[in-house]
Amino acid sequence: MMQDYRSSRVAGLNPLPFDPATNNEPLQFNGSNGPLVPECPLENGTENNSKKRKRPNLPPDFDPSLGMIPGIAPMNPMMPGLGIVPPPISQDLPIVKEIIHCKSCTLFPPNPNLPPPATRERPPGCKTVFVGGLPENATEQLIMEVFEQCGTISAIRMSKKNFCHIRFAEEHTVDKALFLSGYRIRLGSSTDKKDTGRLHVDYAQARDDLYEWECRQRMLAREERHRRRIEEDRLRPPSPPPIVHYSEHECCQLGEKIKDDSKFPEAVRVLLTWVERGEVNRRNANNFYSMIQSSNSHIRRLMNEKATHEKEMEEAKEKFKNALSGILVQFEQIVSVFHAASKQKAWDHFSKAQRKNLDMWRKQAEEIRNIHNEELMGIRREEEMEMSDDDMEDVPESKDSDDSGPMAQVEALREENDSLRCQLDAYRNEVELLKQEQNKAQPQRSEEDSTRQQQLSFLQQALQGMQKQLLMIREDLKQKEMELEKSADEKQQLENQIQSLKERIQAFPAPHTLPLERPERDDRGSDESANHTNDAAAASAVVSCSQEKESLPEKGPPSPVKSEREALLVGIISTFLHVHPFGASIEYICSYLQRLDTKISTTEVETLLGRLPCTFRQELTGVGASLEKRWKFCGFEGIKTA
């Protein structure tokens, strides 16, 4: 039977090495079949069309999803001339199949109560279907007439075993062809067994379909790789420019580039590469030394740039602090408005809803105000921590030792006492907050417990230290007040003595105005005159001593420190140099001072240090290109020699 099939194969098709009725191996179509046979009516087509049956009317309760109108016969989408197939219907809805009338045949739907026909797994890129159960008298034109409504057909391969393979031009048309699976086909109105059959449509494997699908997948993979490569090239950082090789000409050009501020970064990178490559030798050592020396000369420029940027940062901080202060003032005004509205005089005139909103707004404003206030206090606290305690202690000592000295010291101690008290209250509040959080939260992890306990211990130690310091400052304040009272009493006694002596001098007559009337009175008044002369001499001595004391400071040598600001600078610089035992350059000192006051200049500081040779000494350190002038603090040595 296999030999008969092979001998009677259709012209234009390749021979098959298997029986299509029993083998489901992948199929391969040959494009040499030529054009397909155009559609033509069968001889008995007119007879079939003339014997049409009347279609029964549909009941009024039809399915609206089928697009039918009441009273009109249903119009099947597979009917000739329509060329459409209904879109895929959801699996939740039942599929209703109707009778399909063609020119040469009629298709009757299967029993809806039967399960749907079984199909195999769809091969990738499937465009070919297997159609079985054809009538024995079925022709290629009949198959073309039935299945061309699903889509464009590329090729049809017939078989004598009542089946065929149909290859479509597009993949989605295969799903439309599977819609006809299970239909009973009848040629015309014949009831002969050879003119009837039950269609079975299923997916078929074809080498051409698989090959086209693999080509399409490879093309998509190539496009994806190309897209990824372009994306990687776009995101890849640019390669560094190549470093030129060393030569005398390049060395001369590099020396000029290093001196230029704009080309210095690129030039120093080339210099570093040459040194690392080992281009230095005895012949070009001087050239490399000059380039390294030029690189070292940029340090001062970079330090000045850094100082400029720091100055800009400080100005920005100050501007931010001022703006924050203005915002905080406005928040305070808003909160005061809410407090004024909360008083009974105005509160009684608001409704209940208005009071609720006012209360909520007041709480929100207070929370925001507190947050901004804490931020501003944090900024001020950071600024205060930058100033050391030693700098603040040198301020009262640098004032002139006159009558206002003790009063100024007392005021300074009071201010320090108030600041320490505020800090002490802040520490206490922090300790209480930590205790409350610890009681409320009850952290589960031991690490949090240990860290909080450490914080509590640190805060308690700081609190104890602040309390001791506060007690010491109070004792110093009491001693200063007692000394001030004693000095005031002594001053009052001295003023009283001077006043009494002045009165005695005025009451004592001058020697040239005394009349010598009676010689006998000279003997009697000799004792009184001696006493008066003694008193006058004592008064004149006291007055002269007081005048000498007052004139002593005026006759002394002029002080090198001319103002209170210079005294503060001397104290700050002394503290700074004391923690730098090897000295510091004038630029380093000025960069530190400019953080406190941006108006301080280098010439002012250098002039002030030059006026105090017993306190500050200038020394030269380094060798060759690294030679540098450094200032050192020598106050402990100068106090012995002064």
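Before going into details, it helps to say that this report is about the structure given with it.

Reading the values: rules and limits
- Residues numbered from 1 in each chain as written.
- Predicted model: local features only at pLDDT ≥ 70, side-chain atom pairs only at ≥ 80, totals over all residues.
- Heavy atoms only, no water.
- Pairing = 2+ DSSP bridges.
- Helix = DSSP H or I, 4+ residues; strand = E, 2+ residues; numbered from the N terminus.
- Axes fitted to C-alpha atoms, helices over the stretch in contact; angles between N-to-C directions.
- Contact = heavy atoms within 4.5 Å.
- 1 Å grid on protein atoms, 1.4 Å probe; cavity = no way out; pocket = protein on both sides within 12 Å on 5 of 7 lines; lining within 4 Å.
- Points joined across faces, edges and corners; volume = space filled by probe spheres on them.
- Nonpolar A, V, L, I, M, F, W, Y, C, P; charged D, E, K, R; others polar.
- Buried < 20%, exposed > 50% of the residue type's maximum accessible area, 1.4 Å probe, protein only.
- Arc of directions from axis to C-beta.
- Core = buried A, V, L, I, M, F, W, Y, C linked by side-chain atoms within 4.5 Å.
- Disulfide = S-S within 2.5 Å.

Considering the sheet that holds strand S3 (residues 128-132)
Two pairing modes exist for strands in a sheet, parallel and antiparallel, and in both the strands are linked by backbone hydrogen bonds.
Moving on, step 1. Ordered by their spatial adjacency, four strands build an open sheet running S4-S5-S3-S8, and the pairing between neighbours is antiparallel. Both outer strands of the open sheet, strand S4 (153-158) and strand S8 (200-203), are each paired with one neighbouring strand and no more. Direction aside, the axes of adjacent strands within the sheet are offset by 20 degrees on average.
Moving on, step 2. Strand contacts of helix H3 (residues 140-147): S3, S4, strand S5 (163-168) and S8, with the helix running at about 140 degrees to S4, the strand carrying the most contacts.

Digging into empty space enclosed by the protein
Moving on, step 1. Per the counting criterion, the structure on display carries one cavity of 30 Å³ or more.
Moving on, step 2. Lining the largest cavity we find Leu134, Leu142, Ile143, Val146, Phe147, Ile185 and Leu199.
Moving on, step 3. For the lining of the largest cavity, the element with the highest residue contribution is H3, accounting for four residues.
Moving on, step 4. Residue classes in the lining of the largest cavity are distributed as seven nonpolar, no polar and no charged.

Details of the pairing of strand S6 (residues 184-187)
Moving on, step 1. In S6, alternate side chains face the same way, and those of Ile185 and Leu187 are buried while those of Arg184 and Arg186 on the opposite face are not.
Moving on, step 2. Direction of pairing for strand S2 (residues 105-108) relative to S6: antiparallel, over a ladder of four bridges. Among the inter-strand pairings, Thr106 is bridged to a residue of S6, identified as Arg186.
Moving on, step 3. In this structure, S6 lies alongside strand S7 (residues 196-198), joined through three bridges in antiparallel fashion. Across the sheet, residue Arg186 finds its bridge partner in S7, namely Thr196.

Quick look at helix H17 (residues 602-610)
Moving on, step 1. Of all the positions in H17, only Val605, Leu608 and Leu609 are classed as buried. The arc that holds the buried residues of H17, viewed along the axis, is 100 degrees, so those residues lie on one side.
Moving on, step 2. For H17, the secondary structure elements touched by its buried residues are helix H15 (564-578), helix H16 (586-593), strand S9 (616-621) and strand S10 (628-633).

A look at the nonpolar core
Moving on, step 1. Ranked by internal contacts, the top residues of the largest apolar core, which has 32 residues, are Val129, Val131, Phe147, Ile166, Phe168 and Leu180.
Moving on, step 2. Only S2, S3, H3, S4, S5, helix H4 (172-178), S6 and S8 provide two or more residues apiece to this core.
Moving on, step 3. Not counting residues within four places of it along the chain, the set of residues in contact with Val129 comprises Cys164, His165, Ile166, Phe168, Val174, Ala177, Leu178, Val201, Asp202 and Ala204.
Moving on, step 4. Counting residues in each nonpolar core, the second largest holds 18 residues, with Ile573, Phe576, Val605 and Trp631 among its members.

Brief notes about the side chain of Ser574
Moving on, step 1. Structurally, Ser574 can be placed in helix H15.
Moving on, step 2. On the accessibility criterion, Ser574 (13% relative accessible area) is buried.
Moving on, step 3. Filtering out sequence-adjacent residues up to four positions away, Ser574 remains in contact with Thr615, Phe616 and Phe633.

Observations concerning the sheet that holds S2
Moving on, step 1. Across the sheet, which stays open at both edges, the four strands sit in the order S1-S2-S6-S7 with antiparallel pairing between neighbours. Looking along the sheet, the strands with just one partner apiece sit at the ends: strand S1 (100-101) and S7.

Examining the state of the cysteines
Note: disulfide means a covalent bond formed between the sulfur atoms of two cysteine side chains.
Moving on, step 1. Applying the stated criterion across every chain, the model contains zero disulfides.
Moving on, step 2. In this structure Cys251 is not part of a disulfide, and its nearest cysteine sulfur, from Cys252, lies 5.8 Å away.
Moving on, step 3. Residue Cys251 is classed as buried on the basis of its relative accessible area, which comes to 4%.
Moving on, step 4. Between Cys614, a free cysteine, and Cys634, which holds the nearest cysteine sulfur, the sulfur-to-sulfur gap is 7.3 Å.
Moving on, step 5. Classification of Cys614 by relative accessible area gives partly exposed; the value is 42%.

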